[in-house]
Amino acid sequence: MSSTITKLNAPLTQAFNSQPSSELHLTPTPTPNTVAQRLANFATLTDALEYAANGVTGYNFYDARGNLRSVLPYHSLRQNARILAQRLYNFNLPRGSRVAIIADTSPEFVELFFACRYAGLVPFAMPIPVNLGSHEIYVQQLRGMLESSQASIALANLDYFHFLQEAVEGTTSVQWSGTPEKLQQLPRLDIEFQANHPNETAYLQFTSGSTRTPRGVVITERALMCNLQGIVRYGLEVKPDDRSASWLPFYHDMGLVGLVLAPMVTQISVDYLATRDFAIRPLQWLRMISRNRCSIAFSQPFGLKLCTMRARESDLKELDLSSWRAAGIGAEMIRPEILRNFAEKFASAGFNEKAFLPCYGLAESTLAVTFSKVGQGCKSIQIDHKTLIDKRMAARLQADGRKQNEFVNCGRPIPGHTVKIVDEDGRQLSEMMVGSVLVQGNSVMTGYFNNPEETHKALKSGNWLDTGDIGFLFEGDLFITGRRTDVIIVNGRNIRAQDIEELAELQPEVRSREASVFGVNDEDGTTTIVLVIECRLTSVAERQSLITRLQQLVYMAFGVNCVVELVAPHTLPRTSSGKLSRFAAKQGYIQRTNLEHQLSFMESGDR
Amino acid sequence: MTDSDYDEILRLLCDRLSTLTNSELPITPDINLITQLSIDSIKLLNLIMEIEDTFDISIPINGLTDVQTVRQLADLVYKIKSTS
């Protein structure tokens, strides 16, 4: 693998050395601002933008080669968004109507997002298609979101508009769909903006690739601002001389809340690289940080891994990462060795490992739940493996030679929020005991839009949000030990087991409740998705056809390979209520395939 | 762009895919990237990067949604190359 990577990298450096002919006359927005910094103490998003527009900072968009392509200072964003809002008034929509936007990393997306808020509408970001051969399934996913949100308007730029058009066909709620250019052609209606109220919905955040049961998290202005305050004051301790850099997609909570909205509500500048461009040439992100002296940049561990894999000695010489003071790490289980490898690799480029800032959060709590202390680096503890499995208890390692697990300290809840650990019956557990992670506070969603069933599953009495993650508290700090079996993380993508089972059940040969999906981990941490199907087919050709079809579908929908195992009917273990148990299905698979070392405490706690 | 350019693209893709995937199968134009070569996301990124650098083009992400076989990938590269 490594030799391939090195070879692949060779033409890359040449390409970068031969720029910057096309940089034209654009200048990125500066880091120092001309107005006094306010740290998210606003009632609403539009209030925050009105203030940010008094300064000179803003958003900057770079292309794959590292050239600055467009600059959107907050004052232009305000102006453009207000004009677009006046055009949106042509549709005469009731306040709170939903507006769907396919969110690539572009100034147009941000302008539309804020235009919706000025016009009293609720925007939500839809993903861009990233998988080979995913056309059909992507359109179904879009349609699922449009229907679940009952969106009135849907927008996409020209590159993605034909997908949107296909998705809109057959939906009943969408009364207009178009590109931003088409919206620009509508007249401006001179209607006075009504102020938004903190109790109103600010936006929806979709969290699942399901076509049948998409879940749109409802976030109010109040929840958003509460979370942003926690992030920028407590988590990042944002200062006037900070500058952010980001490749995170605008349709994910960390990308949108953490790297679009948080910089704006603190009036600092951001440099953006499209996710696709980062994925292909991850070092561009580091070059951007180095060149523009950025101080805040977040990534999932997988993004850091890509950087470590691709960097060569000659790349390191041209990088200076010493300005990077907050390297936020979140969005998936943090494996400390990924951070160590990154720090080791980039130490010579000035990266300070104290910059690592592990945090924990989820879209259902707007974004952030806990932050470790900024500037302290990644702290972890060694836990005795056997005690963890036998007693579901985190005992600090007593003696050498015993098998151990290392877990990263994700820090403490942001102010006004509480985290507790509970057992299967909802009883609160004491420190060091492993159980479900629940969170309570003003950042927690009001529910999933139009989906009382899923809302009921996630929000427990007292408005405690069940995060679906497993962990323990130690001296007030949160440690995540795993996710339940219903979420599988592969290469940084969070995939819901239910969504894959749903796909399988769309096949005529697969009956409902006869598919079970889970992830198995290699010793080196690689996760493989396994799909076990109860199957009545006897012909070898038919069985192979089903396997191939399922693998192809899963790839198209989620961009991952999977193992498909066909088993005889009644093989999959069921609970007393007839529900499939993914946990038991996994144990069965492991026994059949002799992967005994896989048996682990992490995946207990089936829903 | 000529037919020989197309053949060249196809030949190069087959060649690169065979190295990238260590496939036992001979890489033919009709081979399915997903089901037969199990191209995962990292391999795909490597392949795109190499295609872009070799042919000096930019592959739009939305172009890949209709690509499943090696031939379809060659068609896409050819199309982008001839319009750029």
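Only a predicted model underlies this, so the values are computations on that prediction, with no experimental measurement involved.

Analysis parameters
Residues numbered from 1 in each chain as written. Chains lettered and ligands numbered in written order. Predicted model: local features only at pLDDT ≥ 70, side-chain atom pairs only at ≥ 80, totals over all residues. Helix = DSSP H or I, 4+ residues; strand = E, 2+ residues; numbered from the N terminus. Buried ≥ 20, exposed ≤ 12 C-beta atoms within 10 Å, placed from the backbone. Contact = placed C-beta atoms within 7 Å. Rg over C-alpha atoms; globule rule 2.2 N^0.38 Å. Axes fitted to C-alpha atoms, helices over the stretch in contact; angles between N-to-C directions. Parallel < 35°, antiparallel > 145°, perpendicular 65-115°, else oblique. Left-handed = near helix turned anticlockwise from the far one by under 90°. Core = buried A, V, L, I, M, F, W, Y, C linked by C-beta atoms within 7 Å. Expected span 1.5 Å × (residues − 1). pLDDT = per-residue confidence, 0-100. Pairing = 2+ DSSP bridges. Right-handed = clockwise from strand over helix to strand, strands pointing away.

Please explain the overall build of chain A as it appears in this structure.
Each helix and strand in chain A was counted, giving 19 helices and 28 strands. Each principal axis of the C-alpha atoms in chain A carries an extent, and together these give about 65 × 55 × 55 Å. Per-residue burial for chain A yields a buried fraction of 53% across its 607 residues. In chain A, of all internal contacts separated by at least 6 residues, the share reaching a separation of at least 24 is 69%.

I keep staring at the overall build of chain B and nothing clicks. Help me out?
Helix and strand counts for chain B stand at 3 helices and 0 strands. The C-alpha radius of gyration of chain B comes to 12 Å, within 12% of the 12 Å expected for a compact globule of 84 residues. The proportion of buried residues among the 84 residues of chain B is 36%. By sequence separation, contacts in chain B at least 24 residues apart represent 60% of the contacts at least 6 residues apart.

What should I look at first to understand the packing of helix 12 (residues 301–310) of chain A against helix 14 (residues 336–346) of chain A in this one?
The description of two packed helices rests on the angle between their axes and on the distance between the axes. Residue and element names in this part refer to chain A. Contact geometry of helix 12 with helix 14 gives a least axis separation of 9 Å together with a crossing angle of 40°. Relative to helix 14, helix 12 is oriented oblique. Note on packing geometry: the crossing formed by helix 12 with helix 14 is left-handed. Side by side, helix 12 and helix 14 meet where P301, L304, K305, C307 and T308 of the first sit next to I338, L339, N341, F342 and K345 of the second.

Please clarify how the nonpolar core should be interpreted in this entry.
All names here are of chain A. Ranked by size, the top nonpolar core spans 217 residues in total, and within it I101, A115, M126, L164, L531 and V554 carry the most contacts. If you tally residues by element for this core, the top one is helix 9 (residues 253–265), at 9 residues. Discounting chain neighbours no more than four positions away, the residues touching L164 are I102, L142, A154, A156 and S177.

I'm lost on helix 5 (residues 135–149) of chain A in this one. Help?
Residue and element names in this part refer to chain A. End to end, helix 5 covers 21 Å across 15 residues, agreeing with the expected 21 Å (1.5 Å per residue, within 8%). Counting buried positions along helix 5 yields 12 of 15 residues, so the element is predominantly enclosed. Along helix 5, the positions that sit buried rather than exposed are H135, I137, Y138, V139, Q141, L142, R143, G144, M145, L146, S148 and S149. The first or second residue beyond helix 5 is Q150, which carries a positive phi of 50°.

Where do I start with the interface of chain A and chain B in this structure?
Interface size is often expressed as the accessible area that is lost when the parts come together. On the side of chain B, 26 residues touch chain A, which itself brings 27 residues to the contact. Elements with a minimum of two residues in the side of chain A that touches chain B: helix 1 (2–17), helix 5, helix 6 (158–168), helix 10 (275–280) and helix 18 (540–558) of chain A. Top contributing element to the side of chain A that touches chain B by residue count: helix 1 of chain A, with 5 residues.

I would appreciate a short explanation of the confidence of the model for chain B in the present structure.
As a note on interpretation, predicted positions should not be read in detail where pLDDT is low. Per-residue pLDDT for chain B averages 84, and the proportion of residues at 70 or more is 99%. Quick note on the complex model: pTM equals 0.87, ipTM equals 0.88.

What should I look at first to understand the pairing of strand 27 (residues 527–534) of chain A in this one?
Residues in a regular strand project their side chains so that they alternate between the two faces of the sheet. All names here are of chain A. As paired strands, strand 26 (residues 515–521) and strand 27 are joined by 7 bridges and run antiparallel to one another. Within strand 27, the position partnered with V517 by the bridge is L531. Count of turn residues in the strand 26/strand 27 antiparallel hairpin: 5 residues, of which G525 carries a positive phi of about 95°. In this structure, strand 27 lies alongside strand 28 (residues 562–567), joined through 6 bridges in parallel fashion. Residue pairing in the sheet places L531 in a bridge with V564 of strand 28. Note that the unit made of strand 27, helix 18 and strand 28 has a crossover that is right-handed.

Looking at this structure, I do not really get unusual backbone geometry. What am I missing?
Across the chain, the bulk of peptide bonds are trans and the bulk of non-glycine residues have phi less than zero. Residues and elements named next belong to chain A. At A40, a residue that is not glycine, the phi angle is positive and equals roughly 60°. Among the secondary structure elements, A40 is positioned in the loop between helix 1 and helix 2 (45–52). Taking the number of C-beta atoms within 10 Å as the measure of exposure, A40 has 21 and is therefore buried. Phi at E475 is positive, roughly 50°, even though this residue is not glycine. For E475, the position within the fold is in the loop between strand 22 (464–474) and strand 23 (477–483). Here E475 falls in the exposed class, since 8 other C-beta atoms lie within 10 Å of it.

Looking at this structure, how should I read the sheet that holds strand 28 of chain A?
All names here are of chain A. The mixed open sheet is built from 3 strands, whose spatial order is 26-27-28. Each edge of the open sheet carries a strand with a single partner, namely strand 26 and strand 28. Across the sheet, the mean angle separating the axes of adjacent strands is 25° when strand polarity is ignored. Seen against the sheet, helix 17 (residues 497–505) touches strand 26 and strand 27 and runs at an angle of roughly 135° to strand 26. Those strands touched by helix 19 (residues 582–593) are strand 26, strand 27 and strand 28, and its axis lies near 65° from that of strand 26.

How should the pairing of strand 25 (residues 493–496) of chain A be read in this particular structure?
Both strand 24 (residues 487–490) of chain A and strand 25 of chain A contribute to a ladder of 4 bridges, which runs antiparallel. By the bridge assignment, I489 of chain A is partnered in strand 25 of chain A with N494 of chain A.

Please explain the environment of Y234 of chain A as it appears in this structure.
Residues and elements named next belong to chain A. Inspection of the secondary structure puts Y234 in helix 8 (residues 221–235). Since 20 C-beta atoms lie within 10 Å of it, Y234 is described here as buried. What Y234 contacts, discounting residues up to four positions off in sequence, is F371, I414 and P415.

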